[in-house]
Amino acid sequence: MNDETTAPEALTRDAAARELERLAREIARHDLLYYDDSAPELSDAEYDLLRRRNEAIEARFPDLKRADSPSERVGAPPSSSFAKVRHSRPMLSLGNALNDDDLAEFEGRVRRFLNLGDDEPVVLYGEPKIDGLSATLHYHDGKLVLGATRGDGETGEDVTANLKTLRDLPHALTGDDVPERLEVRGEVYIGLKDFAALNREREAAGEEAFVNPRNTASGGLRQIDTALTAKRRLRFFAHGWGEVSEPLGERQEDVLARLDAWGFALAPLARRCTGLEEARALHRKIEAARPKLDFEIDGVVFKVDRLDWQQRLGAAGRAPRWAIAYKFPAEQAETVLHRISISVGRTGALTPVAALEPVHVGGVTVSRATLHNEDEIARKDIRAGDTVVVQRAGDVIPQVVRVIEERRPTQSKPFVPSDVCPECGSHAVREEGEAVRRCTGGLVCPAQAVERLRHFVARDAFDIEGLGAKQIEAFYAEGRVRSPADIFDLETKDGTEEFPKLAEREGWGETSAANLFSAIEARRRITLDRFIHALGIRHAGQTTARLLARRYGTVEEWRAAMDAASEPESESLEALTDVDGIGPVVANAIVEFVAEPRNGEILDALCERLDIEPFEAPAADSPVAGKTVVFTGKLKRMTRQEAKARAEALGAQVAGSVSKATDYVVAGEDAGSKLKRAEALGVTVLSEDAWLAVAAGEAPPAADEDGDGDG
């Protein structure tokens, strides 16, 4: 089963570590898209699922928590376009509640942490959750001296000049009770009427309309030119504070009343709630008022009202224990689904997309919606021509929620997944345990080409100096490099009618072009393991590439074995899956890659241009060189991992299962089915001591001469 789809409680320790690494990388990418680029790809709900999955895995394997764990990070790193501001107190994110039970669990956690009695009321302060951009304002002696974005929670961007353009943000505070130092925190947003007017002006000027208010506010606040910020008509709601030179009150409500008196705008409908029933009632009231508000909200934030309790509760990771965001369900609308098309992502994933009759939902007009995968289409029985309910969960990516079957056309037909990539015509496969179908034409598929080429020249692959991601993208756009083999033809084609001299291209010169051609020439010799890794085969990273290179030795032997392994039940396929560390999923991905005809053509072209060196095998005089060994049971003198590494260093092939081709089975304590299979097949069984003796070129202990493993 794929790590991404396995429930946290079913993950093995190794799978959990891999999944935490993937989640850290994926969440960081989406943080940059959301906070830095104002161009999110996921809905809030989908993003929250990634966060919750990461937290669940960390809870099960706390010692695997990574230094770059998303649970310890808020937002994204600040942009290099602005000066950095170190927050004196971190600007934290909020945990989410999705239903009444989640809210009750939050209240229960507060009670347990503070050890409150059942008769002690927990008063919560509830306020609309503004869908905007978090910002903080610093006042010294009542004057605004600094304004910053949240950034990654620890460090933000200095956007003081831009914040001063906001119409309802006070530049100076008056009154006898204004602290010497005051940091006010809140949300920058754009009113819906202003957003609509702004888009009308842009359309009249022939400019593209903005997609949604949140991204418009985020992008507006982070303009280099303050005049452009001013045109966005941004506003500010205060909801909290950071560093202050003196206490502001005893309750959340008290402090907000003072902010209101000093001239800060506060979100309407906010109030104190004594007990869960009042909190739930406020949530329903604000949700009912949502369509009438002139700003976007996506839930209600509930905070423990007593500030001394907030202080005691503190924070857990990136979120305070004393606050939670109770989200609203996504807004929905009905429309007609005209057709289902397929979008190919940069990793080869085929994603079905619905082409819709344009409909207004969640503040924008929607004409396309993701259908996720073919299982989701089958589960909902979505067909072309259906009337469907769509939603913008988190007001980002539209989704089809369900079909209104009573309006289905009589001639409609179920969706049939294609096994061909629409971009390149290569075979598209779906691995066991995977929900996604993927194109196997990685080296030739236009949708994947640039990403694959960038991987091909990466440091741990061909490592061609002077040919990085930026150059690859430019060469691909020009047509100079469309496949890996083209890299090694750059010099011979340079200066031809098809491709003008690289040295004359902007940003290049005679020296830089010559250096690049020299660097490429130096990489015509490459070891088999680096070559296989450079191909970017799904599931085949550096470790797998080394296993393959060690097992097959030469590129010719490897390709021939993969061709033979394309036959189900073949000995070649069994031998591939028998390599320790290569299971059925990995094996199928490798075989499918090599079997794809277009990939085969590129492999042929690369083999013609390169000197692919055989894997450097250990000395042939090792007594176990070339032998196939299986380890089973618990070893006493070393871990299984260390035993495998030592065996491989001596030239042995370590397998994960026992077959007729196995030479030795090394059996430790509590050896199970592998030992029984070895005995049934007549394979030599050795104890740990006997194996060490054989590996050292010595005779095994006498007790093991009968191969019973009892020495």
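About the criteria used
Residues numbered from 1 in each chain as written. Predicted model: local features only at pLDDT ≥ 70, side-chain atom pairs only at ≥ 80, totals over all residues. Heavy atoms only, no water. Helix = DSSP H or I, 4+ residues; strand = E, 2+ residues; numbered from the N terminus. Buried < 20%, exposed > 50% of the residue type's maximum accessible area, 1.4 Å probe, protein only. Contact = heavy atoms within 4.5 Å. Areas by Shrake-Rupley, 256 points an atom, 1.4 Å probe, with all protein chains shown as cover. Lys, Arg positive; Asp, Glu negative; His and termini not counted. Charge placed at Lys NZ, Arg CZ, Asp CG, Glu CD. Core = buried A, V, L, I, M, F, W, Y, C linked by side-chain atoms within 4.5 Å. pLDDT = per-residue confidence, 0-100. Pairing = 2+ DSSP bridges. Axes fitted to C-alpha atoms, helices over the stretch in contact; angles between N-to-C directions. 1 Å grid on protein atoms, 1.4 Å probe; cavity = no way out; pocket = protein on both sides within 12 Å on 5 of 7 lines; lining within 4 Å. Points joined across faces, edges and corners; volume = space filled by probe spheres on them. Nonpolar A, V, L, I, M, F, W, Y, C, P; charged D, E, K, R; others polar. Salt bridge = Lys/Arg side-chain N within 4 Å of Asp/Glu carboxyl O. Phe/Tyr/Trp six-rings, centres within 6.5 Å; stacked < 30°, edge-to-face > 60°. Lys NZ or Arg CZ within 6 Å of the ring centre and 35° of its normal. Disulfide = S-S within 2.5 Å. Parallel < 35°, antiparallel > 145°, perpendicular 65-115°, else oblique. Expected span 1.5 Å × (residues − 1).

Colleague: Let's hear about the overall build of the chain: which residues, and what values?
Modeller: Scanning the chain for helices and strands turns up 25 helices and 26 strands. Seen through its principal axes, the chain has C-alpha atoms that stretch 90 × 75 × 65 Å. Out of the 711 residues in the chain, the part that is buried amounts to 51%. Of all intrachain contacts in the chain linking residues separated by at least 6 positions in sequence, the fraction that spans at least 24 positions is 68%. About 33,700 Å² of surface is accessible on the chain, with carbon and sulfur atoms providing 47% of the total. Of the charged side chains in the chain, 94 are positive and 125 negative; the average position of the first set lies 4 Å away from that of the second.

Colleague: A description of the nonpolar core should follow, citing residues and the corresponding values.
Modeller: Ranked by size, the top nonpolar core spans 59 residues in total, and within it Phe462, Ile464, Ile487, Phe531, Leu535, Trp558 and Leu606 carry the most contacts. Take this core: its biggest share by element is 6 residues, from helix α21 (residues 584-595). Residue contacts for Trp558: discarding those within four places in its chain leaves Ile532, Leu535, Ile537, Leu548, Tyr552, Ile590 and Val594. By size, the runner-up hydrophobic cluster in this structure holds 33 residues, among which are Leu173, Phe210, Ala238 and Leu307.

Colleague: Give me the confidence of the model for the chain: which residues, what numbers.
Modeller: Overall, the predicted model of the chain reaches an average pLDDT of 85, with 91% of residues at or above 70. Considering only residues more than four positions removed or in separate chains, one finds that residues 705-711, a stretch of pLDDT under 50, has 11 contacts.

Colleague: Give me the lowdown on the sheet that holds strand β24 (residues 653-655), citing residues and values where you can.
Modeller: The strands making up a sheet associate through hydrogen bonds between their backbones, and the pairing can be parallel or antiparallel. With respect to topology, 4 strands assemble into an open sheet ordered β24-β23-β25-β26, the strand pairing being parallel. Because the sheet does not close on itself, it has two edges, and the strands there are β24 and β26 (684-686). On average, each strand axis in the sheet is inclined to that of its neighbour by 30°, with strand direction left out of account. In the sheet, strand β25 (residues 664-667) pairs with β26 via 3 bridges, with the strands oriented parallel. Counted as the bridge partner of Tyr664 is Thr684 from β26. This element, helix α25 (residues 688-695), spans β23 (628-632), β25 and β26 of the sheet and lies at about 135° to β25.

Colleague: Which residues make up empty space enclosed by the protein, and what values go with them?
Modeller: Tallied over the entire structure, the rule returns 5 cavities of 30 Å³ or more. Roughly 80 Å³ of internal volume is contained in the second largest cavity. Taken together, Ile342, Leu350, Pro352, Glu374, Ile377, Phe415, Pro417, Ser418 and Arg437 make up the lining of the second largest cavity. Class assignment of the residues belonging to the lining of the second largest cavity gives a composition of 6 nonpolar, 1 polar and 2 charged.

Colleague: I'd like a rundown of the pattern of salt bridges, residues and numbers included.
Modeller: Applying the stated criterion to the full structure yields 44 salt bridges. Where Asp463 meets Arg523, a salt bridge forms, and the shortest distance between an N and an O atom there is 3.9 Å. Placement of Asp463 in the loop between α12 (446-456) and α13 (469-478) and of Arg523 in the loop between α16 (510-522) and β21 (525-527) is noted, with a sequence separation of 60 residues between them. According to the relative accessible area criterion, Asp463 is partly exposed, its value standing at 26%. Arg523 sits in the partly exposed class, given a relative accessible area of 30%. The structure contains a network of salt bridges with shared partners spanning Arg251, Glu253, Arg272 and Asp305.

Colleague: How would you summarise the packing of aromatic side chains if you had to cite specific residues and measurements?
Modeller: As enumerated under the stated definition, the model contains 9 aromatic pairs in all. Seen in terms of ring centroids, Phe631 and Trp691 are 5.8 Å apart; in terms of plane orientation they differ by 90°. Their pairing is edge-to-face. Of the two residues, Phe631 sits in strand β23 while Trp691 sits in helix α25, which places them 60 residues apart along the sequence. Take Phe631: its relative accessible area is 2%, and that puts it in the buried class. Assessed through its relative accessible area of 5%, Trp691 is described here as buried. Among the aromatic residues, ring-to-ring pairing joins Tyr189, Phe237 and Phe295 into one connected group. The side chain of Arg551 reaches across the aromatic face of Tyr552, ending 5.1 Å from its centre.

Colleague: Explain the state of the cysteines residue by residue, including any values.
Modeller: Enumeration over the complete set of coordinates arrives at 0 disulfides. Unpaired in terms of disulfides, Cys421 finds its nearest cysteine sulfur in Cys439, a separation of 3.7 Å. Accessibility expressed as a relative area gives 2% for Cys421, which makes it buried.

Colleague: I'd like a rundown of the sheet that holds strand β8 (residues 234-244), residues and numbers included.
Modeller: Pairing within the open sheet is antiparallel, and its 4 strands lie in the order β5-β4-β7-β8. The sheet is open, and its two borders are formed by β5 (143-149) and β8, each paired with just one other strand. Across the sheet, the mean angle separating the axes of adjacent strands is 30° when strand polarity is ignored. Where strand β4 (residues 133-140) and strand β7 (residues 181-190) come together, 8 bridges link them in antiparallel fashion. From the neighbouring strand, Ser134 faces β7, where its bridge partner is Glu187. Each of β7 and β8 touches helix α8 (residues 252-261); the most contacted strand, β8, lies at about 125° to it.

Colleague: Pulling in residues and values, what's your account of the side chain of Glu127?
Modeller: Relative to the assigned elements, Glu127 resides in strand β3 (residues 123-130). Setting aside residues up to four positions removed in sequence, Glu127 forms contacts with His239, Leu256, Ala270, Ile286, Gly299, Val300, Val301 and Lys303.

Colleague: An account of α13 is needed here, citing residue identities and associated values.
Modeller: Turning to α13, its buried residues number three or more, namely Ile472, Ala474, Phe475 and Tyr476. On its buried face, α13 sits against α12, α15 (490-493) and α16. Looking at the residues trailing α13, positive phi occurs at Gly479, about 90°.

Colleague: Which residues make up the environment of Glu357, and what values go with them?
Modeller: Its location among the elements puts Glu357 in strand β15 (residues 349-361). The contacts of Glu357, once residues within four sequence positions are left out, are Thr335, Val336, His338 and Val366.

Colleague: Please give an account of the side chain of Glu596 that cites residues and values.
Modeller: Tracing the backbone through its elements, the reader meets Glu596 in the loop between α21 and α22 (597-609). Once residues within four sequence positions are removed from consideration, Glu596 is found in contact with Ser426, His427, Thr440 and Gly441.

Colleague: Talk me through the environment of Ala643; I want residue IDs and the actual numbers.
Modeller: Examined against the element boundaries, Ala643 turns out to sit in helix α23 (residues 640-649). Using a relative accessible area of 2% as the deciding quantity, one classes Ala643 as buried. Separated by 66 residues in sequence, Ala643 and Thr577 have C-alpha atoms that sit 20 Å apart. The residues touching Ala643, leaving out its near neighbours within four places in the chain, are Phe631, Leu635 and Met638.

Colleague: Outline the packing of helix α19 (residues 555-565) against α21, listing residues and values.
Modeller: Put simply, α19 and α21 touch, their axes get as near as 9 Å, and they point 100° apart. Comparing the axis directions of α19 and α21 gives the class roughly perpendicular. Contact with α19, carried on its side by Trp558, Met562, Asp563 and Ala565, involves Ile590, Val591 and Val594 of α21 and no other residues of that element. Split by residue class, the contact of α19 with α21 holds 6 nonpolar, no polar and 1 charged.

Colleague: Can you tell me about α22, naming the residues and giving the values?
Modeller: With 13 residues, α22 extends 19 Å from end C-alpha to end C-alpha; this agrees with the ideal 18 Å at 1.5 Å per step. For α22, the full list of buried residues reads Asn599, Gly600, Ile602, Leu603, Ala605 and Leu606.

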